[in-house]
Amino acid sequence: MPDIDEPLPLPENPASVADLLPHLPVPYDYAKQYACVFSAELADRLIEVQAENPEQFRVTPLALTDGTFMIRGAILSEVPNGLYGGNFARLDASRFNEIDLVPWAEAMALLPQPDPLPE
């Protein structure tokens with residue numbers, strides 16, 4: 001029988017933030033492997049929540065080329081307490097399954113690329 005104080009093992013391939021809820025906060029080295037990717041609707045809601053609480057730590061969703069948005073997964077090492085705890089508590093947890101956890105390199109490949117400099 002596992003020790004009650006022993007943390008649950010972290011999922012190897014979590015699909016969404018909802019998969020990590022029982023584990024939060026997760027270690028930084030684990031969290032930084034991922035980007036949190038979500039719809040424009042959820043990006044708008046995140047911006048609204050942060051505007052309602054300007055004294056809280058903020059993150060800026062970045063637009064991806066496929067129409068979705070991302071923030072660094074490292075934020076998951078700061079919730080539900082920590083630097084981002086206040087705003088995290090104001091988000092609708094029933095929608096955390098809509099926030100995909102995408103390997104960092106895959107998400108970075110979806111960032112818009114600048115036009116090449118003229119020669």
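Throughout what follows, the structure given in this document is the object of discussion. Predicted, not measured: the structure shown is a model, and the values here were computed from it.

With that settled, the discussion passes to the overall build of the chain. When helices and strands are counted, the chain shows 4 helices and 4 strands. For the chain, the α and β elements follow one another from N to C terminus as α-β-α-β-β-α-β-α. Based on the C-alpha atoms only, the size of the chain along its principal axes is roughly 65 × 35 × 20 Å. By the burial criterion, 36% of the 119 residues in the chain qualify as buried. Expressed as a percentage of contacts within the chain between residues at least 6 apart in sequence, the contacts between residues at least 24 apart total 71%. Within the structure as shown, the chain displays about 7,600 Å² of accessible surface, and the carbon and sulfur contribution to it stands at 57%. If the 6 positive side-chain charges of the chain are averaged to one point and the 19 negative ones to another, these points end up 8 Å apart.

All right, on to the layout of surface pockets then. Size it by volume and the largest pocket reaches roughly 270 Å³. Lining the largest pocket are 17 residues, with Leu42, Leu46, Leu91, Phe96 and Ile99 positioned closest to its centre. Looking at the lining of the largest pocket, the elements that each hand over two or more residues are strand E1 (34-38) and helix H2 (40-52). When residues of the lining of the largest pocket are assigned to their parent elements, the largest contribution, 3 residues, is made by H2. Of the residues that constitute the lining of the largest pocket, the class distribution is 14 nonpolar, no polar and 3 charged.

The rules we used
Residues numbered from 1 in each chain as written. Predicted model: local features only at pLDDT ≥ 70, side-chain atom pairs only at ≥ 80, totals over all residues. Heavy atoms only, no water. Helix = DSSP H or I, 4+ residues; strand = E, 2+ residues; numbered from the N terminus. Buried < 20%, exposed > 50% of the residue type's maximum accessible area, 1.4 Å probe, protein only. Contact = heavy atoms within 4.5 Å. Areas by Shrake-Rupley, 256 points an atom, 1.4 Å probe, with all protein chains shown as cover. Lys, Arg positive; Asp, Glu negative; His and termini not counted. Charge placed at Lys NZ, Arg CZ, Asp CG, Glu CD. 1 Å grid on protein atoms, 1.4 Å probe; cavity = no way out; pocket = protein on both sides within 12 Å on 5 of 7 lines; lining within 4 Å. Points joined across faces, edges and corners; volume = space filled by probe spheres on them. Nonpolar A, V, L, I, M, F, W, Y, C, P; charged D, E, K, R; others polar.

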